[in-house]
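Each chain, letter by letter, is given below.
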Amino acid sequence: RGTRHVKALCIGADAYTHIAPLVEAVKDARRIHRELEDSPGCSSSFLANPTTRQSMLDMLSSLAMDCQTKRPELMLVFYAGHAIQLSSGEIAMLTCDVVRPEVSEETRGSRVTVGDALSAMAAGAENVEGLPPLLVIIDACRDEAQGRERIESERTNRTRSMKVSLFLSCSRGQRADDESAFLRDLLDKEHGMFARNMRLKQAIEHAMLESLRREQVAVSFCTVFIPEGLCIRPDPTVPRDIQQIQQGARRVAESSRRLEDPTAGPTSPGPAAEVVAGYSPAAAGTGADAFRSSILGLLQESLGSLLEESPRWRVCSMFVLVFLRYEGTRYGTQATRRYYQTRSKKRLGPDLIRAVNGHMSRNEIRSEELEQWVQETYETSTRGKTAVAAIDFAVREEIRRSLSHMPEEARSELRLWEEDVRLRDFYEGDMTEEEALDEAEEYLRDKMTADQDGRLSPLLAVHVLSRVVETGSFVTFLKMTRLSCACLSVALAKRVRATLDE
């Protein structure tokens, strides 16, 4: 309580006199400013359409001076407007009095490099070493493609001790759109920097990864200096509740290897079931019955979504999500892991299959268990790093898990999978990946359909337990297979996006 998270300066420049004016830059900077001002523990100053170089430097110096007396966790400088990259490698922000957007003596007095900004802040601080980390975000063009692309080129001896992270909306030689897709990702309601309980570093990684899908690719430097646990809008109630819920989930998992249910059969979760907590602070007011009805409705919606026609290979995609959650699945970087934790639920079908194929072929996603299994089962390794192999592996693994208490049923299901889908032709013959996915999808969709007695496949088994944990809110626990977990996570992500869009 009382901790200052972020002290910021937001600068927007669009009223250029001699060069093409912008439309959205001041609006974008003001939006960041207002979001910060509305965030507890954060404060921000705002500068619109600076007409002189000195006006920007004075504000930067004041920011550092303020942070000496009341030290926040992070200083933030956000700039939206015109910029160029100098031949020295420095990034230069342009004030509104600039005559032309080029490197010349005439424009020297109308540009502020990142190095100039650091020097101004160092001048405003009595003790440079005592300054908190600084994050500089520049949403602007970088028309000149010359020079080195290293933040070291911006530093002087006095500013070298400053902990500076730099985030640019464009790569060298690129132009930024006035309607910034970069800013849209940074302010995403679900994964952006102002999302509830979202770590700032993770929000920036999200925006970076999203930019890879566009021609305008963002660049970051030295993000290690961003405080690891810094969250601009934390909600302390939720982490406390979740901690209690996790303890309750462990008790449920440890209490018995299998739910003692006299009616348990092929459609009840086996001993390898996942324990999922359903949690709703609002349910304390609406009541337990309404909450349980909501949970059951969500489960029905999520399992029913498997039979939707679009996108193609929907059920196969769910098994890819299951494979990506296995403990033995390794990711080359944390950024890749987070990408699949967040974006994969929005990219089912061919998009997901294509992305996983690419990452597996480059060893950015790998599983020694999968590769060893393909080698032992099919005596080949050439197709062991594909989404089809991951689906084949996951289907077999989930059949064993969901029917581990009924070994004969498990063996029968595995035999039917092998005989009907004929994936050996994919590994050893001339079956294409598309044909293999079509065969697998048709078989799995039939399996997901309820039988004549109304029973679902054991791969989709769910059992809703009663309330277990007292948190001041209502909590219910579910024992589920990994496939039903994947379906539920996709349905939740869809609902969250729809709620945020409203």
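Residues numbered from 1 in each chain as written. Predicted model: local features only at pLDDT ≥ 70, side-chain atom pairs only at ≥ 80, totals over all residues. Heavy atoms only, no water.

Here we look at the overall build of the protein
We apply this condition: Each helix is a run of H or I in the DSSP string that is no shorter than four residues. Each strand is a run of E no shorter than two, and both are numbered from the N terminus. Only the protein chains shown count as cover for residues, with accessible areas throughout obtained via the Shrake-Rupley method and a probe of 1.4 Å.
In terms of helices and strands, the protein carries 17 helices and 14 strands. Summed over all atoms, the accessible surface of the protein reaches about 23400 Å², with 46% contributed by carbon and sulfur.

Quick look at the sheet that holds strand β4 (residues 83-85)
To keep things clear, this is the line we draw: Two strands are said to pair when DSSP picks up at least two bridges between them. Throughout, an axis means a line fitted to C-alpha atoms (over the contacting stretch in the case of helices), and angles, computed between N-to-C directions, take values from 0 to 180 degrees. Contacts between residues were defined by any pair of non-hydrogen atoms, one from each residue, lying within 4.5 Å.
Spatially, three strands are ordered β4-β5-β6 in an open sheet, and the strand pairing comes out antiparallel. The open sheet terminates on both sides in strands that have one partner only, identified here as β4 and β6 (111-113). Neighbouring strand axes in the sheet, compared pairwise and without regard to direction, differ in orientation by 30 degrees on average. Against the sheet, helix α3 (residues 114-124) contacts β5 (91-94) and β6, and its axis sits at roughly 75 degrees relative to β6.

With respect to α3
This is how the line gets drawn: Any residue under 20% of the maximum accessible area for its type is buried, any over 50% is exposed, and the rest in between are partly exposed; the area is computed with a 1.4 Å probe on protein chains only.
With respect to burial, α3 is a largely interior element, eight of its eleven residues being buried. All of the buried residues in α3 are Val114, Gly115, Ala117, Leu118, Ala120, Met121, Ala122 and Gly124. Looking at the buried positions of α3, the neighbouring elements they touch are α2 (53-69), β3 (74-80), β5, β6, β7 (134-139) and β8 (164-168).

Focus: the side chain of Arg482
Here Arg482 is to be found in helix α17 (residues 482-501). A relative accessible area of 14% means that Arg482 is categorised as buried. Among residues more than four places away in sequence, those in contact with Arg482 are Glu274, Val322, Tyr326, Glu398 and Arg401.

Digging into the nonpolar core
Nonpolar side chains in soluble globular proteins generally cluster together in the buried interior. Heads up, the rule is: Among buried residues, the Ala, Val, Leu, Ile, Met, Phe, Trp, Tyr and Cys ones that are joined through side-chain atoms within 4.5 Å form a nonpolar core.
If you look at the biggest cluster of nonpolar residues, it comprises 57 residues, and the most contacted ones within it are Met318, Phe319, Phe323, Leu324, Tyr340 and Leu370. Aside from chain neighbours lying at most four places away, what touches Phe319 is Ile391, Ala394, Val395, Glu398, Leu444, Leu459 and Leu483. The next biggest cluster of nonpolar side chains, apart from the first, holds 44 residues, and it includes Cys67, Val98, Leu131 and Leu166.

A closer look at the packing of aromatic side chains
Keep this limit in mind: Between the rings of Phe, Tyr and Trp (Trp by its six-membered ring), a pair exists once the centres lie within 6.5 Å; its type follows the angle of the planes, with under 30 degrees stacked, over 60 edge-to-face, and the other angles tilted.
Evaluation of the coordinates by the stated rule reveals ten aromatic pairs. For the ring pair Phe323 and Tyr326, a centre distance of 6.3 Å and an interplane angle of 80 degrees mean the geometry is edge-to-face. Each member of the pair, Phe323 as well as Tyr326, carries the same accessibility label: buried. Plain terms: the ring middles of Tyr378 and Tyr427 are 3.8 Å apart, the flat faces sit at 15 degrees to each other, and that makes the pair stacked. One end of the pair, Tyr378, is in helix α12 (residues 368-378); the other, Tyr427, is in helix α15 (residues 424-428), with 49 residues separating them in the sequence. Tyr427 shares its class with Tyr378; the two are buried. In textbook terms, an aromatic cluster arises when at least three aromatic residues are bridged by ring pairs, as seen for Phe323, Tyr326, Trp373, Tyr378, Phe393, Phe426 and Tyr427.

Here we look at the pairing of strand β14 (residues 474-480)
Buried residues dominate β14, accounting for seven of its seven residues. Side-chain alternation along β14 places Phe474, Thr476, Leu478 and Met480 on one buried face and Val475, Phe477 and Lys479 on a second face that is also buried. Sheet topology places strand β10 (residues 274-280) next to β14; seven bridges connect them, and they run antiparallel. Residue Ser280 lies in a different strand from β14, and its bridge partner there is Phe474. Looking at chain direction, strand β13 (residues 462-464) and β14 are connected through three bridges and run antiparallel. Within β14, the position partnered with His463 by the bridge is Lys479.

Concerning unusual backbone geometry
Notably, Cys222 is not glycine yet its phi reads approximately 60 degrees, a positive angle. Tracing the sequence through the fold places Cys222 in the loop between β9 (219-221) and α6 (237-255). Despite not being glycine, Trp313 shows a phi value in the positive range, around 60 degrees. On the secondary structure map, Trp313 appears in the loop between α8 (288-304) and α9 (314-325). For Trp313, a relative accessible area of 9% puts it in the buried group.

Quick notes on the packing of α9 against helix α16 (residues 433-448)
Worth spelling out the cut-off: Should an angle fall under 35 degrees it is taken as roughly parallel, and over 145 as roughly antiparallel, whereas 65 to 115 is taken as roughly perpendicular and any remaining angle as oblique. Any residue that is not Ala, Val, Leu, Ile, Met, Phe, Trp, Tyr, Cys, Pro, Asp, Glu, Lys or Arg is counted as polar, Gly included; the first ten are nonpolar and the last four charged.
It is at 7 Å that the axes of α9 and α16 come closest, and there the two elements cross at 90 degrees. In terms of orientation, α9 and α16 fall into the roughly perpendicular class. Seen from α9, the contacting residues are Arg314, Val315, Cys316 and Phe319; seen from α16, they are Leu437, Ala440, Glu441, Leu444, Arg445 and Met448. Class assignment of the residues belonging to the contact of α9 with α16 gives a composition of seven nonpolar, no polar and three charged.

A closer look at the pattern of salt bridges
Inclusion rule: Salt bridge, as applied in this entry: a Lys or Arg side-chain nitrogen positioned within 4 Å of an Asp or Glu carboxyl oxygen.
Following the criterion strictly, the structure yields 20 salt bridges and no others. Its salt-bridge partner being Glu228, residue Lys201 comes within 2.9 Å of it at the nearest N-O pair. In this pair, Lys201 sits in helix α5 (residues 200-211) while Glu228 sits in the loop between β9 and α6, placing the two residues 27 residues apart along the sequence. Within this structure, Glu397, Glu398, Arg400 and Arg401 form a network of salt bridges that share partners.

What about the sheet that holds β10?
In a beta sheet, neighbouring strands are held together by backbone hydrogen bonds and run either parallel or antiparallel to one another. Read across the sheet, three strands follow the order β10-β14-β13 without closing on themselves; strand pairing throughout is antiparallel. Sheet topology places β10 and β13 at the edges, where each strand pairs with a single neighbour. Sheet twist, expressed as the average angle between the axes of neighbouring strands with direction ignored, equals 25 degrees. Against the sheet, α8 engages β10, β13 and β14, with an angle of about 35 degrees to β14.

Re the confidence of the model for the protein
Rule in force here: Confidence of the predictor at the level of single residues is given by pLDDT, which spans 0 to 100.
Taken residue by residue, the protein gives an average pLDDT of 81. The fraction at 70 or more is 82%. Within the model, the stretch residues 144-153 combines pLDDT values under 50 with 31 contacts to residues more than four positions away or in other chains. Of the regions scoring below 50 in pLDDT, residues 256-271 engages in 35 contacts with residues more than four places distant in sequence or in other chains.

What about helix α13 (residues 387-402)?
Which entries qualify depends on this criterion: Each helix should span, by expectation, one fewer than its residue count multiplied by 1.5 Å.
If you check α13, its first and last C-alpha atoms are 22 Å apart, about what 16 residues at 1.5 Å a residue would give, namely 22 Å. Of all 16 residues making up α13, 13 are buried, and the element is well covered by its neighbours.

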